[in-house]
Amino acid sequence: MNARPLNVAVIGAGPAGIYASDILSKSGMEVCIDLFERLPAPYGLVRYGVAPDHPRIKQIIVALYKILQRGDIRLIGNVEVGRDITVAELREHYDAIILSTGADTDAPLDIPGIDAPEVYGGADFVSWYDAHPDHPRTWPLSASEVAVIGVGNVGLDIARVLAKNVQDLLVTEIPGNVAQALADSPLTDVHIFGRRGPAQVKFTPLELRELGKQPGVNVTVDEEDFEYDEGSQAALATSNQQRQVVKTLEGYAMQDPEDLTGARTIHIHLFQSPVEVLTDEEGHVRALRTERTRLNGDGTVTGTGEMRDWPVQAVYRAVGYAGSPIEGLPFDHKRHVLPNDGGRVLGEDGRPLTGVYATGWIRRGPVGLIGSTKSDAQETISNLVSDAEAGLLGAGGGEAGELGHDAVMALLSAREVPFTTWEGWELLDAYERELGEAYGEVEGGRGGRERVKVVARDAMTAISRSSDVPVDLIGRPDADRVPQRVAHRLDG
């Protein structure tokens, strides 16, 4: 192993993959790192999972940009593992592979009526408004009353984007098709439901405060939803963040009704557990039925048997994300992660697969923020380095000339895969910024636009590869790339 650099492939160019690559590059080992990404652009959920009106959160991109700009980590975009190259082939060409593919689908919610056509996955809605190239360009926004199930930041994002004045969104990178659909929405009310109380919600203080700063949008909480048991008090005593959340919720509850003059209202309902989506005779959503809950003393809740039906015409599930299986690797279908021990991926026999590692949400599930992601990466890389030093790693493809970057680039070129690079991302980044500048000022003195996202995969790829750019920058997704769960919404 000491005769040549260690060849490592990292799969997924979101924060988890980039941080793992950065830590490995600074490990003291001589190493060549290829960072693969299935989309033509890097940054994963920071680009395609954060609401466009969250510029402070997107400052994470600045840190990620500085890592990739160094040039010692080679970005290979528009390459999908399982489609363009297999896990087995990567294991042949690299001494180690690190999976950092994240969590890209919605966690399931098993209640009657959840399969009604107007029940949507929150992750899919986020992918639509964030202009994911492999999702349909349209979204059904005909409901005037909407339910959002889940009291985390994704639920807040969904409610805020649905209710917000579209002119206030136009200062972001939001593309034209999304802006037009939101502008035409007849929405008046968004109801957010959580089954526990204010001491247990998963909102973060900043996002919850921002919810009430939207012009023309009311935010309400029922006074009866403020109950605290011993477990709740303990949670508040140990978490300043949770105390801030509760203080903000109480502020919404204490507003004078005469001050709630907005055309749209976001209602936050606590101690309401969804039990059924009710449909009409034609099978369309007409209401969400919830059961009132009560605290048990330890912060958990029990149903009271008191039911209530809330008239809504659409329901969004925002109860968490889930990872997806990776072809050629074992998968824990209960936890929606790669089975692993300290980042070492485990085979069917429970023993580590030589040279296969995981980090981020595909390793631990969709919990934790950037700090947890860095901690994950540190442990995974520490174990990889330990295995390398023990002489356990080695690619299966033969002599050094057949391994690593050059061999894989030749393979992708032979298959005519239009892969993109870091230099290509810089071209696309500049192009999107130019679109923002060309847009000019948003009406109402709101200022200009930093960028406008290019949506179509072929346009993103063409710009990145300096080839002819299609006239239509929004386009339609490739039908064979669209997730099956949303394929029915394709145009035409």
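Quick summary incoming for the structure in this document.

Reading guide: rules and limits
Residues numbered from 1 in each chain as written. Predicted model: local features only at pLDDT ≥ 70, side-chain atom pairs only at ≥ 80, totals over all residues. Heavy atoms only, no water. Core = buried A, V, L, I, M, F, W, Y, C linked by side-chain atoms within 4.5 Å. Buried < 20%, exposed > 50% of the residue type's maximum accessible area, 1.4 Å probe, protein only. Helix = DSSP H or I, 4+ residues; strand = E, 2+ residues; numbered from the N terminus. Contact = heavy atoms within 4.5 Å. Axes fitted to C-alpha atoms, helices over the stretch in contact; angles between N-to-C directions. Parallel < 35°, antiparallel > 145°, perpendicular 65-115°, else oblique. Left-handed = near helix turned anticlockwise from the far one by under 90°. Pairing = 2+ DSSP bridges.

## Describing the nonpolar core
Stage number 1. Ranked by size, the top nonpolar core spans 54 residues in total, and within it Phe 125 and Tyr 316 carry the most contacts.
Stage number 2. Take this core: its biggest share by element is six residues, from helix H6 (residues 153-163).
Stage number 3. In this structure, Phe 125 is in contact with Trp 139, Leu 141, Ile 158, Val 161, Leu 162 and Tyr 316, ignoring residues within four places of it in sequence.
Stage number 4. Residues Val 8, Leu 35, Ile 463 and Leu 473 belong to the second largest nonpolar core, which totals 40 residues.

## Here we look at the packing of helix H15 (residues 422-439) against helix H16 (residues 457-464)
Stage number 1. Between H15 and H16, the least distance of the axes is 7 Å, while the angle of their chain directions is 115°. The pairing of H15 with H16 is recorded here as roughly perpendicular in orientation. Of the two possible hands of crossing, H15 and H16 adopt the one that is right-handed. Listed contacts from H16 to Gly 424, Trp 425, Leu 427, Leu 428 and Tyr 431 of H15 are Met 460, Ile 463 and Ser 464.

## Brief notes about the pairing of strand S1 (residues 6-11)
Stage number 1. The buried fraction of S1 amounts to six of the six residues, a majority that puts the element mostly inside the structure.
Stage number 2. The two faces of S1 match: Leu 6, Val 8 and Val 10 on one face and Asn 7, Ala 9 and Ile 11 on the other face are all buried.
Stage number 3. Of the pairings in the sheet, the one linking S1 to strand S2 (residues 31-36) comprises six bridges and is parallel in character. Of the residues in S2, the one forming a bridge with Val 10 is Leu 35.
Stage number 4. Relative to strand S4 (residues 96-99), S1 runs parallel, the two being bridged by four bridges. Each bridged residue has a counterpart across the sheet, and for Ala 9 the counterpart in S4 is Ile 97.

By themselves, these figures tell us nothing about what the structure is for.
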